[in-house]
Amino acid sequence: MNVAVLGSGGREHALVKAIKKSPKVSKVFCIPGSDGIAIDVECKAIDLKDQAKLIKNLQQMDIEFVVIGPEDPLVDGLADTLRDHNFKVFGPGSDGARLEGSKIYSKEFMKAAGIPTAAFKMATNKNEAMSVIGDFKFPIVVKADVLAAGKGVFICRDKNEFTNAIEQIFDHEVFGASQALIEEFISGWELSYICITDGENFQVCPLVQDHKALKNGGLGPNTGGMGVIGPVTLNIKLQEEINRTIVQPSLNELKKRNIKFCGALFIGLMIQDNKPYVLEYNVRFGDPETQIIMPLIEGDVFEILWSAVTGKLKSIQTKNMYAACVVMAAEGYPEKPVKGSVIDISDRTVSESSYFIYSGVKKNQDQWTVNGGRVLGAVGIASTKEEAIKIAYAQSAKAQWHGLQKRTDIGSFFN
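Remember, predicted model here, so these are calculated numbers, not experimental data.

Participant: Go over the pattern of salt bridges with me, naming the residues and quoting the values.
Facilitator: According to the stated counting rule, one finds 23 salt bridges in the structure shown. Ionic pairing is found between E183 and K143, a salt bridge with its closest N-O pair at 3.0 Å. Of this pair, E183 sits in strand 9 (residues 180-184) while K143 is found in strand 7 (residues 140-144), placing the two residues 40 residues apart along the sequence. Look at the salt bridges and you will find they share partners, linking R11, E12, E71, E100 and R284 into a network.

Structure representation (structure tokens):
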């Protein structure tokens, strides 16, 4: 079977590396892919917004199965169009993708389903936003109601920071959002709870912990993720509570709304006093989470994804290993990443336990350059958490460029 993975980032690189290992897969393509992904599979530089051209090429390549990586094409309804043309697709339609496309819709969805989450208000302009400030205690969370790759979120510690966040959303229109979500801040520790579902049943992927803030100790602006460690081992009662009070009610509410959700449901959780609260939904695999989830899954990743699409969902088992990923970001990330810096990779040796996942990179002949915000993911896999972190940082030391940013405390808050 020929498989196409759609996207061009680190998540898609991790997916193609896992899928191509399956003996049931003849060939894997990545569209549009990148120079980094092209190390492992053939890439086709087709704009995902040009759906007619995409479909024509998928048919010419004899593709049977399509895995959609990023959120934008899901929100745009690409999965619906592909299904209309008889492709098997891993990824929800536009109705299910609203869970990520609109933060306000997702909060109202949670409220309707009785899912534990932070108290919230919505605002359609600056004055409305400023008027609700007295309803919450600082810190207050402000989110632009738009896809912002994890960067449209502000944790405001005082009125000045709150005002600045509101002005960025409404006055400066930094994110192109017409609404903002204002919500209670819940402290605790974060957990990336990613499930694969066929719309009826679900299986939980290896649990991992992301590090969203740019700088050590959880300081600095929010990003799409600066590193990840896993697997996280949960108390059995806590995991049962998450499945019972969050995952299953989410699927029930989708069914109640006649939404057929087939794909990855990513639930961002905050665990406070051993109680889970939903921070947000994503409707696809996370990045950088996928960079370590894929190598932690026991068995054939393709078979699991295919089983979700064909309605006979296979169980997911986690290897008895640990994995860590250190994200290496461009100068100026996340606000204004500086592109074009030359990447010096001193050691190109890779192994099953130590390698790079390529995200924002470009290659000119033999020279690699920075071409995005998050540039490389340095992955380490080992039998202990400490060794996995050590290997990941050793791998990260193999690449340098001007203005390189990376946290040095990935895994320090591991639960």
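This is not the end of the story, as more comes after the structure.
Participant: Please give an account of the state of the cysteines that cites residues and values.
Facilitator: What the rule picks out here adds up to 0 disulfides. The structure places no disulfide on C43, whose sulfur is separated from the nearest cysteine sulfur, that of C30, by 5.0 Å. We classify C43 as partly exposed; its relative accessible area is 24%. You can see C195 has no disulfide; the closest cysteine sulfur is in C205, sitting 7.2 Å from it.

Participant: Residues and numbers for helix 10 (residues 289-296), please.
Facilitator: Taking burial as the measure, the 8 residues of helix 10 include 8 buried ones, the bulk of the element. Of the residues making up helix 10, those classed as buried are E289, T290, Q291, I292, I293, M294, P295 and L296.

Participant: Quick rundown of the pairing of strand 20 (residues 322-329)? Include the residues and the values.
Facilitator: Among the 8 residues of strand 20, 7 are classified as buried, and the element is accordingly described as predominantly covered. The pairing of strand 15 (residues 227-230) with strand 20 spans 4 bridges and is classified as antiparallel. When the sheet's bridge partners are listed, V228 is paired in strand 20 with C325. Note that strand 20 and strand 25 (residues 374-382) share 8 bridges and pair antiparallel. Following the sheet pairing, A324 is matched in strand 25 by G380.

Conventions and cut-offs
- Residues numbered from 1 in each chain as written.
- Predicted model: local features only at pLDDT ≥ 70, side-chain atom pairs only at ≥ 80, totals over all residues.
- Heavy atoms only, no water.
- Salt bridge = Lys/Arg side-chain N within 4 Å of Asp/Glu carboxyl O.
- Helix = DSSP H or I, 4+ residues; strand = E, 2+ residues; numbered from the N terminus.
- Disulfide = S-S within 2.5 Å.
- Buried < 20%, exposed > 50% of the residue type's maximum accessible area, 1.4 Å probe, protein only.
- Pairing = 2+ DSSP bridges.

It is worth stressing that arrangement in space is one thing and function is another; only the former is reported here.
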